[in-house]
Amino acid sequence: MLLTLVVGVSTLWLAATGQLILYIHPRYVVFTVVMIAIGMVLSLGVLALAPMRDEHDHDDPDEEARVASVRPRRPRRGRVAARGTAVVAGATVTVAVAVALVALPPATLTSATAGQRDVNSSTAALKGTSVVDAEAASSDAYASFSVLDWAGLLRQTSDLAFYEGKTADVTGFVVPAGDEEDVFYVSRFVITCCAVDAQPVGVPVQLDDWRSELQPDEWVTVSGGFRTNPSSTSSDPVAVVPDSLEKVGQPSDPYLY
Amino acid sequence: MSSPLPRGSATADLDRPHGHGADHGGHDHEGGSGGGPGHRHDHGTARRRPSRAPLLVAGALVAAVLVAVRLASPAIGPGLLPDTLQDFVTLTISVIVESMPFVLLGIVLSIVVQVWLPQAFFTSWLPRQPLLRRAVISFLGMFLPVCECGNVPLARGLVLKGFTVSESMTFLLAAPILNPITIITTHQAFGWSDGILVARLAGGFLIANLIGWLYSRHPDPESLLTKSFAAECALPTGHEHGGGRLRESVELFRREMATMMPALFIGAAIAGGIQTAVPRSVLVTLGTNPVWSVLAMMVLAFVISLCSNVDAFFVLPFATTFMPGGIAAFLVFGPIIDVKMLALLRTTYRPRVLAQLTLVVALTSAAIGLVVNFLA
């Protein structure tokens, strides 16, 4: 019951402070809150109604025999030791996770995961804007394109003529580009269901010696046009060269969907 | 109402449905409502029920402490843990937060099945012939659409209601795939292209019935279950202390939560740990090979432990890098066997059974994937 309360309290608090979306997709929020509320009501029911230990009066001999016949026999010594270790390990993990649920501040995934999952590695079929739609869009629409939209477009075409005159205005966190000293990605995570399936996407930004100004994981808003990436070794042929770059706080809804 | 076979001997009959022992001295239950004639324990003189107040107070106190800690925690501030460890925590918590509502839903449905449905609800209309019966059970998921993790408590409830062990396995394996939500989302993601949807549905049905058939031939189905669950099956239902169905419901809830929660925590931690430790690029590079694409996607499905309702959307971006057989294998293997599911299944089935299950399901999923690749 304790674990139920732990999860219930944490989840409801996360929902109340609007941080549940750091962990799951917004479409699940209502369902989650409703089910957790039901769970808490049932937990209350357990406290109020469930038979307590001394109410179990097994004075029925038939039943005793029945239960005893299925009860496990004592295992051999080696298995006892192995079992003991497994139980202790399991209990430790459970307690640690419970503590983390209640005591640690909620967080988004960091650039460590973004690097490990390779920014843009599977953007080929992402939702977001297609080239065809983009051509028809007005210049106002471009201003609201997100990291996801631009990353998808960059995947589909690296024809510089397409990007002529267009300005990207995106917000994301900094992820160093593995193969390039002067390029970093303005990234965000895209989520299908929950943080566990988060895929990082990013727009490459070319800025000489950016490390003197920026740290990985810092959130920035970058605005600028597209140029051919001056570096010949980078895997991104087109990059944004910023006209303005501004550090911002982490937004309350850091993930894209 | 069909009379359940008397339970309680350690050697179960050859795979006959074990109805719940209803023999307190030979009396039958009447739908499990509180106390039929001659049904109550005779405690002799009236027994004073101990006061519930201390328990409620203790519960309230614990909840208050948890809330207080939770409210105070932002003061700790960010950056307490190194990045990788923080991500591990975030991933683990996200698995728990995402699965919890489904586990709860599964338990609620399980309680409904065990306590509030009439005793012979399933035996009356399910076909008697085992093969046909299992085939029909495969489609029960259409009416009970719970995520794969919610199916475990529900399957437990069904066993306690009279399903055989092998029938419960058929249900467990089929329900995550053969349910309306999964079918709709898979169709939304893939349409009919490359036969992925067909492979998923046919594969799920095939595997579920294959496993059910295999285990129906087992001479001692009792031995497939963990000792604690088998002992639970041996307890007669309606161990009434005069509280009736409501009491039974909350007692069931307490028992199921006590079993499921540690399993969920541990499964989530393992899933989060593997994700943090293994770079995804390793898997992605294997995408275009007909054999490796299937294997790599199965490993990914195993590790990522996603709910079957939405895994189609997750795997969609991979569809351009990986061959369709790999995608099909992911969609068939994932809902049945993954880190989180194994932890939850461990509450009910013995490790040896789980190992066998994983092997058979893995081989069949791989075969399906390879066939799809071959035909593509």
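What counts, and at which threshold
Numbers given for residues are sequential positions, taken from 1 along each chain in its written order. Ligands are numbered from 1 and chains lettered from A, in the order in which they are written. Only residues with pLDDT of at least 70 are given local features in this predicted model, and only at 80 or more are side-chain atom pairs given and counted; all residues enter the totals for whole chains, interfaces and linings. Segments assigned H or I by DSSP are reported as helices when at least four residues long, segments assigned E as strands when at least two residues long, and all are numbered from the N terminus. With C-beta atoms placed from the backbone, the exposure class of a residue follows from how many other C-beta atoms lie within 10 Å of its own: 20 or more, buried; 12 or fewer, exposed; in between, partly exposed. The contact rule is simple: place each C-beta atom from the backbone, and if two of them lie within 7 Å, those residues are in contact. The length a helix should cover is 1.5 Å for every residue beyond the first. Residue-level confidence of the predictor, termed pLDDT, takes values from 0 up to 100. Lines are fitted to the C-alpha atoms to define the axes, a helix being fitted only along its stretch in contact, and any angle between axes, read from their N-to-C directions, falls within 0 to 180 degrees. Angles are sorted into four bins: roughly parallel if under 35 degrees, roughly antiparallel if over 145, roughly perpendicular if 65 to 115, and oblique for all others. Left-handed describes a crossing whose near helix is turned anticlockwise from the far helix through less than a right angle; right-handed describes the clockwise counterpart. Gly counts as polar in this scheme, as do all residues outside two lists: the nonpolar Ala, Val, Leu, Ile, Met, Phe, Trp, Tyr, Cys and Pro, and the charged Asp, Glu, Lys and Arg.

1. Description of the overall build of chain A
Part 1 of the argument: Of the regular secondary structure elements, chain A holds nine helices and five strands.
Part 2 of the argument: Per-residue burial for chain A yields a buried fraction of 40% across its 257 residues.
Part 3 of the argument: A sequence separation of at least 24 residues applies to 69% of the contacts in chain A between residues at least 6 apart.

2. Here's the deal with helix H2 (residues 83–116) of chain B
Part 1 of the argument: With 34 residues, H2(B) should cover 50 Å at 1.5 Å per step; its first-to-last C-alpha distance of 48 Å lies within 8% of that length.
Part 2 of the argument: Burial analysis of H2(B) places 29 of its 34 residues in the buried class, the great majority of the element.

3. A short note on the confidence of the model for chain B
Residue and element names in this part refer to chain B.
Part 1 of the argument: Averaged over chain B, the pLDDT score is 78; the fraction of residues at 70 or greater is 82%.
Part 2 of the argument: When mean pLDDT is taken per element in chain B, helix H8 (residues 196–216) scores highest with 92 and helix H11 (residues 281–284) scores lowest with 68.
Part 3 of the argument: Confidence drops under a pLDDT of 50 for residues 1–46, and excluding neighbours within four residues, the segment shows 80 contacts in the predicted structure.
Part 4 of the argument: As a predicted assembly, this complex carries a pTM of 0.74 together with an ipTM value of 0.77.

4. Details of the packing of H8(B) against helix H16 (residues 351–375) of chain B
All names here are of chain B.
Part 1 of the argument: Where H8 contacts H16, the two axes come as close as 11 Å, and the packing angle between them is 150 degrees. Considering the angle they form, H8 stands roughly antiparallel to H16. The handedness of the crossing between H8 and H16 comes out as right-handed. Residues Ala199, Gly203, Ile207, Leu210 and Ile211 of H8 form the contact with H16, whose participating residues are Leu357, Val360, Val361, Thr364, Ser365, Ile368 and Val372.
Part 2 of the argument: Looking at side-chain class alone, the contact of H8 with H16 contains nine nonpolar, three polar and no charged residues.

5. Re unusual backbone geometry
All names here are of chain A.
Part 1 of the argument: One non-glycine residue, Asp209, lies in positive phi territory at about 55 degrees.
Part 2 of the argument: Following the sequence through the fold, Asp209 ends up in the loop between strand S3 (199–206) and strand S4 (219–228).
Part 3 of the argument: Phi is positive for Asp217, which is not a glycine, with a value near 85 degrees.
Part 4 of the argument: Mapped onto the elements of the fold, Asp217 is located in the loop between S3 and S4.
Part 5 of the argument: By the C-beta count within 10 Å, which is 19 here, Asp217 ends up partly exposed.

6. What about the confidence of the model for chain A?
Residues and elements named next belong to chain A.
Part 1 of the argument: Per-residue confidence for chain A averages 77 on the pLDDT scale, and 78% of its residues sit at or above 70.
Part 2 of the argument: Of all helices and strands in chain A, the one with the weakest mean pLDDT is helix H3 (residues 61–70) (48), whereas helix H2 (residues 29–49) scores best (88).
Part 3 of the argument: Scored below 50 in pLDDT, residues 54–68 shows 14 contacts in the model against residues more than four places distant or in partner chains.

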